[in-house]
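Chain by chain, the residues run as shown.
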Amino acid sequence: MTLFSKLTWLMAAAGLVVYGLSFLGYILPLLNLILFFALLIVVLNLTLKKLEYGVLFVTFELILGHKGYLFSWDINGQFVLSLRLASFFIVMLVWLIIVFKQKKIALIRTPYCWPLIAFAAICIGAITIGYLNGHDWSANFFDFNGYLYFALAFPFFEVISRPDFVKKMVSILFGGIIAMSLITLFLFGDFFFTKQWARPDMSTAIATESATAEEAAGGQFAFGGITNRLYDESGKPVEYRWQKDLGLGMISYVGGNFFRVSAAGQTWALAGLLIGLFFLLRRNWRAPETRELIFLVVLCGATLIASFSRSLWVGAGGGMVALLFFLPRKKAILTLLIATGLISAVAAGVYFVAPQSFHTVSDRITSIFNPSQELAGQNRLNLLDPIIVKIKNNPLSGHGFGTPIIYESVVPEKQGFIKVYMYEWGYLDQLVKYGMLGLGVFAWLLVVVFRTARRATARLTASKQTDEKYLLIGLIIATIGLLATHFTSPYLNHPLGIGLILITAALAFHYTPSLNNDRTPATS
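Basis of the calculations
Residues numbered from 1 in each chain as written. Predicted model: local features only at pLDDT ≥ 70, side-chain atom pairs only at ≥ 80, totals over all residues. Heavy atoms only, no water. Helix = DSSP H or I, 4+ residues; strand = E, 2+ residues; numbered from the N terminus. Buried < 20%, exposed > 50% of the residue type's maximum accessible area, 1.4 Å probe, protein only. Contact = heavy atoms within 4.5 Å. Areas by Shrake-Rupley, 256 points an atom, 1.4 Å probe, with all protein chains shown as cover. Axes fitted to C-alpha atoms, helices over the stretch in contact; angles between N-to-C directions. Parallel < 35°, antiparallel > 145°, perpendicular 65-115°, else oblique. Left-handed = near helix turned anticlockwise from the far one by under 90°. Phe/Tyr/Trp six-rings, centres within 6.5 Å; stacked < 30°, edge-to-face > 60°. Polar contact = N/O pair within 3.5 Å; in protein donor to acceptor, adjacent residues only side chain to side chain. Pairing = 2+ DSSP bridges. Patch = residues over 30% accessible without salt bridge, like charges linked within 9 Å, V, L, I, M, F, W, Y side chains within 5 Å. Salt bridge = Lys/Arg side-chain N within 4 Å of Asp/Glu carboxyl O. Core = buried A, V, L, I, M, F, W, Y, C linked by side-chain atoms within 4.5 Å. Expected span 1.5 Å × (residues − 1). 1 Å grid on protein atoms, 1.4 Å probe; cavity = no way out; pocket = protein on both sides within 12 Å on 5 of 7 lines; lining within 4 Å. Points joined across faces, edges and corners; volume = space filled by probe spheres on them. Nonpolar A, V, L, I, M, F, W, Y, C, P; charged D, E, K, R; others polar.

Caption draft 1: Up close: the overall build of the protein chain. Within the protein chain, the secondary structure is distributed over 20 helices and eight strands. The proportion of buried residues among the 524 residues of the protein chain is 52%. Long-range pairs, those at least 24 residues apart, make up 74% of the contacts in the protein chain with a sequence separation of at least 6. When the accessible surface of the protein chain is totalled, it reaches about 24,000 Å², and 67% of it is carbon and sulfur.

Below, the structure is given as structure tokens:
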């Protein structure tokens, strides 16, 4: 199995071009609108030609787009239609046309059918309860909208067994991860070397301010008669505003010369790191693509460091612990010893060569175990009491989507009592909104995914499809890392986490012939 084909590098280059066009589209809103409709026409034509092309596009956009607003259409200031939502509806519409023609649904013959139906019922119940409880309609809808991505299971399983689809999916996956990681590191270096003037006067982990609505409106200057956002009255760097306003991520000051470049989509870098590490530890180092795998691991590892995200670091730790259980015992012990030695050596080197950098990073790591020492961590702790009260009031079925939580915020940007609709504690967010019943159904789905993957790896072992087995195990490890991350940052209720679950579930089904109605293991 080829992990890094020509298509992989082509998609990595395409991803960087997309980021560049998105940046230009942010500066020039007219260009953004043109690109939005041009891409929709391309997606529509590709999907009509082959459904799998549409599925591959939405996967690629999911990896690059974080919240989905790389390109968008602002409809009279009332609603912003994102590229993600528009392409999602195109793919679903084409799939429906195909279903009406062939009169069969591929998802029905998978082991995921009943768990997904049960979870769909939970989501419908949660949005109904939210409506009956009088919750804000937009918060109710956006909670529901996060889970809507599970509907992509229908077209996903329609195309999973088509020739070369898995190969293309792997190229899309690694190409997108490479592009997303490169843009993160570019922005990290840009702010480290050229944007020190953007540092606030404070040296603690305080985010640079976002532009207010008035500033954003006042910042649309005209050059040559064309409205643009190159400058605005807030004085914030345009790169910062591009990331913040399009939901691509946050750039904020953490201390010393460091700005963190954090984004929810960096969970794909976590997946790339864990998959790449597993391949390196199981493959012979003289095997093809070793250099490419090392490049992927270093790139994704650097991206997670640049994110300064404690949640992703926890996910990486959880994933690496899981990874050890998939290694032979002796290799697992040796890997643990070598990793401990390398980390200690690097930490000691940084301490003596760049002590300020060492203290910045070590303070961030220490705050994982003692969150109250940092304002953002204290904010998370302040959320716990009102969340637990909500859970106790209705533990079985929850309070529905759009449930508000009021808590005391201590960060300078938002001090005092504030109302939030999405909470940092992922599993508690789920318990509040659809209770133990909903979380139990979600757990049932994950159990079915893991059980199917176990059967698939057994078949792949028997048929000596080693790389396919390593890829599937790597995805399982990445999913475990995601589950660990979800404790303190919500991912399982977001298209990013759902996308990883769908890819893992689809490949597990594809490689399980007895479920896939084949006599021999499927090849990729």
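Here the narrative resumes, following the displayed structure.
Caption draft 2: Seen up close, the packing of helix α12 (residues 290-307) against helix α13 (residues 310-325). Closest axis-to-axis distance for the α12/α13 pair is 8 Å, and the angle between their directions is 140°. Between α12 and α13, the crossing angle belongs to the class labelled oblique. With respect to the hand of their crossing, α12 and α13 are arranged in left-handed fashion. For the pair formed by α12 and α13, the contact residues are Leu304, Ile305 and Ser307 on the first element and Leu312, Trp313 and Ala316 on the second.

Caption draft 3: The packing of aromatic side chains, seen in detail. The tally for this structure, following the rule as stated, stands at 35 aromatic pairs. For the ring pair Tyr112 and Phe157, a centre distance of 5.5 Å and an interplane angle of 45° mean the geometry is tilted. One end of the pair, Tyr112, is in the loop between α4 (83-102) and α5 (113-132); the other, Phe157, is in helix α7 (residues 153-159), with 45 residues separating them in the sequence. Accessibility expressed as a relative area gives 1% for Tyr112, which makes it buried. Ring centres of Phe258 and Phe308 lie 5.9 Å apart, and the angle between their planes is 55°; this geometry places the pair in the tilted category. Residue Phe258 is located in strand β6 (residues 258-262), and its partner Phe308 is located in the loop between α12 and α13; the two are separated by 50 residues in the primary sequence. Assigned by exposure class, Phe258 and Phe308 land together as buried. Grouped by ring-pair contacts, the aromatic residues Phe119, Phe144, Tyr147, Phe150, Phe401, Tyr434 and Phe442 constitute a single cluster.

Caption draft 4: How the structure looks around the side chain of Asp143. Relative to the helices and strands, Asp143 is located in helix α6 (residues 137-147). With relative accessibility at 7%, the residue Asp143 sits in the buried group. For Asp143, the side chain forms a polar contact with the main-chain nitrogen of Gly402, separated by 2.7 Å. Those residues in contact with Asp143 that sit more than four places away from it in its chain are Phe401, Gly402, Thr403, Tyr421, Met422 and Lys433.

Caption draft 5: How the structure looks around unusual backbone geometry. Positive phi, normally seen in glycine, also occurs at His66, with a value near 55°. As for its placement among the helices and strands, His66 is situated in the loop between α3 (51-65) and β1 (72-75). Phi at Phe308 is positive, roughly 50°, even though this residue is not glycine.

Caption draft 6: Geometry of the pairing of strand β2 (residues 79-82). Taken together, the four bridges between β1 and β2 define a ladder with antiparallel strand orientation. Paired with Asp74 across the two strands is Val80, which belongs to β2. Between β1 and β2, which pair antiparallel in sequence order, lie three residues; one of them, Asn76, sits at a positive phi of approximately 55°.

Caption draft 7: Layout of a nonpolar patch on the surface. Among the surface-exposed residues, Trp9, Leu16, Leu182 and Phe295 lie close enough to one another that they form a single nonpolar patch of about 320 Å² accessible area. Of note, Phe295 is situated in helix α12.

Caption draft 8: Representation of the nonpolar core in the model. Among the nonpolar cores identified, the biggest contains 139 residues, and Tyr112, Phe157 and Trp268 are the most heavily contacted of them. In terms of residue count, the dominant contributor to this core is helix α8 (residues 165-194) (15 residues). Grouped together as the second largest cluster of nonpolar side chains are eleven residues, Leu383, Ile387, Ile418 and Val432 included.

Caption draft 9: Region of interest: helix α18 (residues 466-485). Between its first and last C-alpha, α18 extends 28 Å over 20 residues, near the 28 Å set by a 1.5 Å rise per residue. A large share of α18 lies buried, amounting to 18 of its 20 residues.

Caption draft 10: Seen up close, empty space enclosed by the protein. For the structure on display, the rule yields four cavities of 30 Å³ or more. There is about 50 Å³ of room inside the largest cavity. If you go around the largest cavity, the residues you meet are Val58, Thr59, Leu62, Tyr149, Leu152, Phe156, Gly499 and Ile503. Looking at which element gives the most residues to the lining of the largest cavity, the answer is α3, with three residues. Grouping the amino acids of the lining of the largest cavity by side-chain chemistry returns six nonpolar, two polar and no charged.

Caption draft 11: Up close: the packing of helix α11 (residues 267-282) against α18. The contact between α11 and α18 brings their axes to 8 Å, and the two run at 140°. Between α11 and α18, the angle is such that the two are oblique. Handedness of the crossing formed by α11 with α18: right-handed. Facing α11, whose interface residues are Thr267, Leu270, Ala271, Leu274, Ile275, Phe278, Phe279 and Arg282, α18 presents Asp467, Tyr470, Leu471, Ile473, Gly474, Leu475, Ile477, Ala478, Gly481, Leu482 and Thr485.

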